Amino acid sequence: MIVELKDIFKSYSEGEDNPRRDILDSFNLSINFDESISIVGPSGCGKTTLLNILGTLDKPDSGEVVFNGELVTNMNDDQLSKLRAEKIGFIFQSHHLLPQISVIENVILPTLAVNSKQNNTIIFDEAETLLSEVGLKNEVNKFPSQLSGGEKQRVAIVRSLINKPNLVLADEPTGSLDKSRGEEIIDLLKSLCVNNQTSLVVVTHDIEIASQMKRRLCFKNFDFIES
Ligand SMILES: Nc1ncnc2c1ncn2[C@@H]1O[C@H](COP(=O)(O)OP(=O)(O)OP(=O)(O)O)[C@@H](O)[C@H]1O
Ligand SMILES: [Mg+2]
């Protein structure tokens, strides 16, 4: 199991006079190595909240998060940062590339957070190979502003994979793309994750994209249930 959520509760305050709103209520989920899962549901139902808990960016009110056999809930901020940098890749709805550095520099940025014994040449070579694999061989030295939306999202995918994470979490990675570009990006993401033996969780509004994942979590009756 790469990640397990056990009996998770998460609620948010909606102002002093209102009761807290439950987002996750005694929620359980186990994700196996190599598995792909989609999460679908209406806006505001808690998809990003769930992804953030899986990615240790947010803490549940109660319950246990176990990542690769280790209990996350008691880790301090330094341990969590290390875990995230080494084991988890994030892809956001808007690509979050830094505009002032080149494509390849954006890709290698997450490697700086990891105590790697690899030298820079090897990391640059790997980044270049991955960028070539996603059809961006001639774009490595360009800046993000010189790329289309789909190209930027491909850079974000490569960046999420550069540290060979065990888990990739993607929050509406095709949200800013048209349907055919979106499907291309998902095919690419899926095949890269299969090649790297990386588990994949994708939040999406697109039912076709959702159905391409091995498992599907749907928000129904105020809970995420498997469909
Ligand atoms: N930090 C926060 N403080 C208070 N309420 C929050 C916070 N973060 C999220 N919420 C609320 O929790 C609910 C779930 O939010 P979340 O971002 O997980 O939804 P979502 O399913 O990702 O929605 P969307 O599809 O629009 O991205 C929303 O009603 C939101 O307003
Ligand atoms: Mg969201």
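Predicted model, so just to flag it, every value in this text is computed and none were measured. (Residues numbered from 1 in each chain as written. Chains lettered and ligands numbered in written order. Predicted model: local features only at pLDDT ≥ 70, side-chain atom pairs only at ≥ 80, totals over all residues. Heavy atoms only, no water.)

Visitor: So what exactly am I meant to see when it comes to the nonpolar core here?
Guide: Among soluble globular proteins, nonpolar side chains are generally buried collectively. Among the nonpolar cores identified, the biggest contains 33 residues, and Leu131, Val155 and Leu189 are the most heavily contacted of them. Going through the elements one at a time, α3 (103-108), α4 (120-133), α5 (149-161), β7 (167-171), α6 (179-196) and β8 (199-203) are the ones with two or more residues in this core. Here this core gets six residues from one element, more than from any other, and that element is α6. In terms of nonpolar packing, the next biggest core, distinct from the first, is built from 31 residues, Ile39, Leu83, Leu167 and Phe219 among them. (Core = buried A, V, L, I, M, F, W, Y, C linked by side-chain atoms within 4.5 Å. Buried < 20%, exposed > 50% of the residue type's maximum accessible area, 1.4 Å probe, protein only. Helix = DSSP H or I, 4+ residues; strand = E, 2+ residues; numbered from the N terminus.)

Visitor: How do you make sense of the side chain of Lys47 when you look at a structure like this?
Guide: Residue placement: Lys47 occurs in helix α1 (residues 47-54). We note that Lys47 is buried and unpaired, the nearest opposite charge coming from Glu172 at a distance of 4.8 Å. Reaching out from Lys47, the side chain makes a polar contact with the backbone oxygen of Gly41 at a distance of 3.0 Å. In this structure the side chain of Lys47 is engaged in a polar contact, spanning 3.1 Å, whose partner is the backbone oxygen of Pro42. In this structure, Lys47 is in contact with Ile39, Val40, Gly41, Pro42, Glu172, Val203, His205 and Phe224, ignoring residues within four places of it in sequence. (Lys, Arg positive; Asp, Glu negative; His and termini not counted. Salt bridge = Lys/Arg side-chain N within 4 Å of Asp/Glu carboxyl O. Polar contact = N/O pair within 3.5 Å; in protein donor to acceptor, adjacent residues only side chain to side chain. Contact = heavy atoms within 4.5 Å.)

Visitor: Even after reading the chapter, I still don't get the sheet that holds β8, so can you show me in this structure?
Guide: In a beta sheet, neighbouring strands pair by backbone hydrogen bonds and run either parallel or antiparallel. Read from one edge of the open sheet, six strands run β6-β7-β8-β3-β9-β10, paired in mixed fashion. Whereas interior strands pair on both sides, the edge strands pair on one side only; in this sheet they are β6 (88-91) and β10 (223-226). Averaged over neighbouring strand pairs, the angle between their axes works out to 20° when direction is ignored. For β7 and β8, the ladder comprises five bridges, and the chain directions are parallel. Bridge pairing links Ala170 to Val202 in β8. Its contacts with the sheet put helix α2 (residues 77-87) on β6 and β7, and the angle it makes with β6 is roughly 75°. On the sheet, α5 packs against β6 and β7 and is oriented at approximately 165° with respect to β6. (Pairing = 2+ DSSP bridges. Axes fitted to C-alpha atoms, helices over the stretch in contact; angles between N-to-C directions.)

Visitor: How should the site of ligand 1 be read in this particular structure?
Guide: Near ligand 1 you find 13 residues, and of these Arg21, Ser43, Lys47, Thr48 and Thr49 are the closest. One of the side-chain nitrogen or oxygen atoms of Arg21 is found 2.4 Å away from an oxygen atom of ligand 1. Between an oxygen atom of ligand 1 and a main-chain N or O atom of Cys45, the distance comes to 3.3 Å. When ligand 1 sits alone it has 640 Å² of accessible area, and the protein chains cover 60% of it. If you list the elements that add at least two residues to the shell around ligand 1, you get β2 (21-31) and α1. Take the shell around ligand 1: its biggest share by element is three residues, from α1. (Near = heavy atom within 4 Å. Areas by Shrake-Rupley, 256 points an atom, 1.4 Å probe, with all protein chains shown as cover.)

Visitor: I would appreciate a short explanation of the pairing of β6 in the present structure.
Guide: Remember that side chains alternate between the two faces of the sheet whenever the strand is regular. Burial along β6 is two-sided: Ile88 and Phe90 and Gly89 and Ile91, pointing in opposite directions, are all buried. Inspection of the sheet shows β6 paired to β7 by four bridges, in the parallel sense. When the bridges of β7 are listed, Ile88 appears paired with Leu167.

Visitor: Would you take a moment to explain the sheet that holds strand β1 (residues 3-12) for this structure?
Guide: The strand order across the open sheet built from four strands is β2-β1-β4-β5, with neighbouring strands paired in antiparallel fashion. The sheet is open, and its two edges are formed by β2 and β5 (70-71), each paired on a single side. Relative to β5, strand β4 (residues 62-67) runs antiparallel, the two sharing two bridges. Its bridge partner being in β5, Val66 is matched across the sheet by Leu71. Packed on one face of the sheet, α1 meets β1, β2 and β4 and runs near 130° to β1.

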